[in-house]
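Structural characterization, general
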Amino acid sequence: FTFSYEIAKSYLDLGYVLSIGHHILMGQDKHNEVIKKVGLDKILLETDLDYEHTGPYDPSLLKNEYDYLSRLLNLKIEDIENTLQTTFEKVIRK
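Criteria and thresholds
Residues numbered from 1 in each chain as written. Predicted model: local features only at pLDDT ≥ 70, side-chain atom pairs only at ≥ 80, totals over all residues. Heavy atoms only, no water. Axes fitted to C-alpha atoms, helices over the stretch in contact; angles between N-to-C directions. Helix = DSSP H or I, 4+ residues; strand = E, 2+ residues; numbered from the N terminus. Parallel < 35°, antiparallel > 145°, perpendicular 65-115°, else oblique. Contact = heavy atoms within 4.5 Å. Nonpolar A, V, L, I, M, F, W, Y, C, P; charged D, E, K, R; others polar. Salt bridge = Lys/Arg side-chain N within 4 Å of Asp/Glu carboxyl O. Buried < 20%, exposed > 50% of the residue type's maximum accessible area, 1.4 Å probe, protein only. Expected span 1.5 Å × (residues − 1). Arc of directions from axis to C-beta.

Right, let's get into the packing of helix α4 (residues 60-73) against helix α5 (residues 77-93). Interaxial distance between α4 and α5 falls to 9 Å at its minimum, and their mutual angle equals 110 degrees. Relative to α5, the element α4 lies roughly perpendicular. Contacts from Tyr-66, Asp-67, Leu-69 and Ser-70 in α4 reach Ile-77, Ile-80, Glu-81 and Leu-84 in α5. Of the residues contributing to the contact of α4 with α5, the split by class is 5 nonpolar, 1 polar and 2 charged.

Structure follows, in structure tokens:
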């Protein structure tokens, strides 16, 4: 998800969660604002990559996303893992 908070909210109001990829590591203010406003319980992290733009898959990117979210939201990695797992389970049950 790379759009504004207003667009994100319109999707959330419909009951969706946001899928966020490795582009969050770029630290753009717009992405940071959306993540902070939306809250961790309304996002999932993408585990695939756009090969054309990023090259071969690098497993460390997912770890880096967790580290970035930890710093951005001032949360422990364990708390991020638990919240994302809970969100994933809710989505799968729907």
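With that settled, consider the pattern of salt bridges. A full pass over the atoms with the stated rule returns 4 salt bridges. In this structure, the salt-bridge partner of Asp-13 is Lys-9, at a minimum N-O distance of 3.0 Å. One end of the pair is Asp-13 and the other is Lys-9, both in helix α1 (residues 5-13) and 4 residues apart, which spans about a single turn. Residue classification places Asp-13 among the exposed positions, given a relative accessible area of 55%.

This next bit is on unusual backbone geometry. In this structure, Asn-74 is a non-glycine residue whose phi angle is positive, near 55 degrees. With respect to the helices and strands, the residue Asn-74 is situated in the loop between α4 and α5. The exposure class assigned to Asn-74 is exposed, which follows from its relative accessible area of 68%.

This paragraph deals with α5. For α5, spanning 17 residues, the distance from its first C-alpha to its last is 24 Å, which sits close to the expected 24 Å at 1.5 Å a residue. Among all positions in α5, only Ile-80, Leu-84 and Thr-87 are buried. Along the long axis of α5, the arc covered by the buried residues comes to 60 degrees, so they all point the same way. In α5, the exposed positions that point more than 90 degrees away from the buried face belong to Glu-78, Ile-92 and Arg-93.

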